[in-house]
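# Observations on the three-dimensional arrangement
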Amino acid sequence: MAIARFIFAALGAAFSLISVAPSSAQDSYPSRPVKVVVALPAGGSVDMVARLVSQQLAADLGQPFVVDNKAGASGQIGTPLVSRAAPDGYTIMVSPASFLTTNRSIFKTLPYNPETDFAPVTKLVNQAMVLVVRDKARFGTAADVLAAAKANPGKLTYASSGDGSPQHLAGLMFESRTGARLMHIPYKGGAPAITDLMGGVVDMVFAPLPEALPHIKAGKLHPVGVLSEKRSASAPDIPTLSEGGVNNVVLSAWIGLLAPAKTPQPILDRLDKSAKALLRGDAKAKLLEVGMEPAADEAKPLGQVIAEETRLHADLVKAAGLVPQ
């Protein structure tokens, strides 16, 4: 009997140690550097947000948060690296909406499941979309762009950061709502798309405002209009497309922070708290200045946003007659 009591006591102590160990690891998180995957090249708006947030997380949590750009294939190179990573908080992701929503309608298969392979932490920012051109004389207003597109079906080119990206989705919406036909030219990121626009390789880009704003301010690109119901607080001088003569083309893009599925909730909470402190604090004015609206106080959980927008984007892609690749 004494031996049995000893065995049960020993087993109880062992199970206690097993149950305590994960909690202790979570309490000490992070105890080593954290990789922050961005499935796009450096220089775009997603990369900008990732680096800003990583600096805050490093300062707040006491370990380096290192941005790792894994660009290409519309997110299908970098995003799976996070879906397959250990759910311990040491590999996380800053992602545009499109890799988690539109991609499911654009591609027949994906090497990840946006709704089950990730633990959403929080939406970081919303960004207005703006139609920008190089040739102001030819495309001064939204009405000018529409007239040229209808006069030359399928010949006006617009660049994007890849199939299923916000830029691509904006182009599909423009076509769907106006009856015009454009030619889509996908790139590996927003920065190279903008570069080729300035070089005259393509006619236009439906760009996230943060990617285009520096070039607009420098006079290198002409803003035809924002794809919003009202003018952006970050750039109040830019008209809406509706003001320029093109109605019902309204789209914005967001950027979110995610971890692999099954990441412990205390780790997710720690990341969430630190990121939101940044968005509510010193970075708020800076983000607005570059064309981003902090999303720290939005009530709708990121997981719900992903599910709802996946359905909305599927309807848009279907209406555009786009066949999944």
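If you're wondering where the values come from, they're calculated on a predicted model, not measured in any experiment. (Residues numbered from 1 in each chain as written. Predicted model: local features only at pLDDT ≥ 70, side-chain atom pairs only at ≥ 80, totals over all residues. Heavy atoms only, no water.)

## Digging into the packing of aromatic side chains
Scanning the entire structure with this criterion turns up four aromatic pairs. Here Y29 and Y90 contribute two aromatic rings whose centre-to-centre distance is 5.2 Å and whose plane-to-plane angle is 70°, an arrangement assigned as edge-to-face. Of this pair, Y29 sits in the loop between helix 1 (2-27) and strand 1 (34-38) while Y90 sits in the loop between helix 3 (79-83) and strand 3 (91-96); the two residues are 61 residues apart in sequence, bridging distant segments of the chain. For the pair formed by Y29 and Y90, the shared burial category is buried. For the pair Y112 and F118, a centre-to-centre distance of 6.0 Å together with 70° between the ring planes defines the contact as edge-to-face. With a relative accessible area of 5%, Y112 lands in the buried category. In this structure an aromatic cluster arises from ring pairing among Y158, F174 and F206. (Phe/Tyr/Trp six-rings, centres within 6.5 Å; stacked < 30°, edge-to-face > 60°. Helix = DSSP H or I, 4+ residues; strand = E, 2+ residues; numbered from the N terminus. Buried < 20%, exposed > 50% of the residue type's maximum accessible area, 1.4 Å probe, protein only.)

## Quick notes on the pattern of salt bridges
Considering all chains together, one arrives at nine salt bridges under this definition. One salt bridge in this structure joins E115 and R104, with 3.3 Å as the shortest N-O distance. Note that E115 is positioned in the loop between helix 4 (103-106) and strand 4 (118-133) and R104 in helix 4, a separation of 11 residues in sequence. Here E115 falls in the partly exposed class, since its relative accessible area comes to 42%. Residue classification places R104 among the partly exposed residues on the basis of a relative accessible area of 37%. In this structure, K276 engages D272 in a salt bridge whose closest nitrogen and oxygen atoms are separated by 3.3 Å. Here the residue K276 and the residue D272 both occupy positions in helix 9 (residues 265-280), the gap between them amounting to four residues, near one helical turn. Take K276: its relative accessible area is 19%, and that puts it in the buried class. (Salt bridge = Lys/Arg side-chain N within 4 Å of Asp/Glu carboxyl O.)

Purely geometric numbers; function is a separate question.
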